[in-house]
Amino acid sequence: MRFIAVLFSVLMLIASLSQAVGPANVTSKQAQALLAKNARMVLLDVRTPDEYRQAHLKGAQLIPLGELNRRVQEIPRDRPVLVYCAVGARSSTAASFLSSRGYREIYNMTDGIVGWYKNGLPLQMGR
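The shown structure was predicted, so the numbers you read here are calculated from the model rather than taken from an experiment.

Some remarks on helix α2 (residues 28-37)
Three or more residues of α2 are buried, namely Ser28, Ala31 and Leu34. The arc that holds every buried residue of α2, seen down its axis, measures 110°, which confines them to one face. In α2, the exposed positions that point more than 90 degrees away from the buried face belong to Ala36 and Lys37. Contact partners of the buried residues in α2: β1 (24-26), β4 (81-84), β5 (106-109) and α6 (112-118).

Below is the structure:
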């Protein structure tokens, strides 16, 4: 009987871990394909307002990383989220944070807006 209880506990743990998938890392080229395929995707820029004004991806919502904890409710839970920053460090932190808050489909653009630019992909300047 005890064996069955232990086996059941192990199976439940495995099932819960398989549900806890973290953010997916994607390159800027992969991110472009994701955006083209899914018009509902939320594009989240976690850089500073000054960086955002210099250049950003069209349609991006700006929530600087330092404000994310306070403003997380502004991000829809029922849509996939693609997070980016300059080179992928801040977006990795933000993507992990969102995942820990129960957001299910999170993508981190590992090469950031710098990679986007280097690949010749379109940017929006100014506000």
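Having put the structure on the table, let's press on.
Overview of helix α5 (residues 89-100)
Relative to the 16 Å expected for 12 residues at 1.5 Å per residue, α5 spans 17 Å between its end C-alpha atoms, a close match to the ideal helical length. Among the residues of α5, Ser91, Ala94, Ala95, Leu98 and Ser99 are the ones counted as buried. Mapping the buried residues of α5 onto a view down its axis gives an arc of 135°, with all of them on the same face. Away from its buried face, by an angle of more than 90 degrees, α5 presents the exposed residues Ala89 and Ser100. Buried positions along α5 lie against β2 (42-45), α4 (68-71), β4 and β5.

Digging into the sheet that holds β1
Here we have five strands laid out as an open sheet, ordered β1-β5-β4-β2-β3, and parallel in their pairing. Edge positions in the sheet fall to β1 and β3 (61-62), since each of these pairs with one other strand and no more. Across four bridges, β2 lies against β4 in parallel orientation. Directly across from Leu43, in β4, lies its bridge partner Leu82. Strands β1, β2, β4 and β5 of the sheet are contacted by α2, whose axis makes an angle of about 105° with β1.

The rules behind each value
- Residues numbered from 1 in each chain as written.
- Predicted model: local features only at pLDDT ≥ 70, side-chain atom pairs only at ≥ 80, totals over all residues.
- Heavy atoms only, no water.
- Buried < 20%, exposed > 50% of the residue type's maximum accessible area, 1.4 Å probe, protein only.
- Helix = DSSP H or I, 4+ residues; strand = E, 2+ residues; numbered from the N terminus.
- Arc of directions from axis to C-beta.
- Contact = heavy atoms within 4.5 Å.
- Expected span 1.5 Å × (residues − 1).
- Pairing = 2+ DSSP bridges.
- Axes fitted to C-alpha atoms, helices over the stretch in contact; angles between N-to-C directions.

So, to be careful, I would describe these as geometric facts and stop short of saying anything about function.
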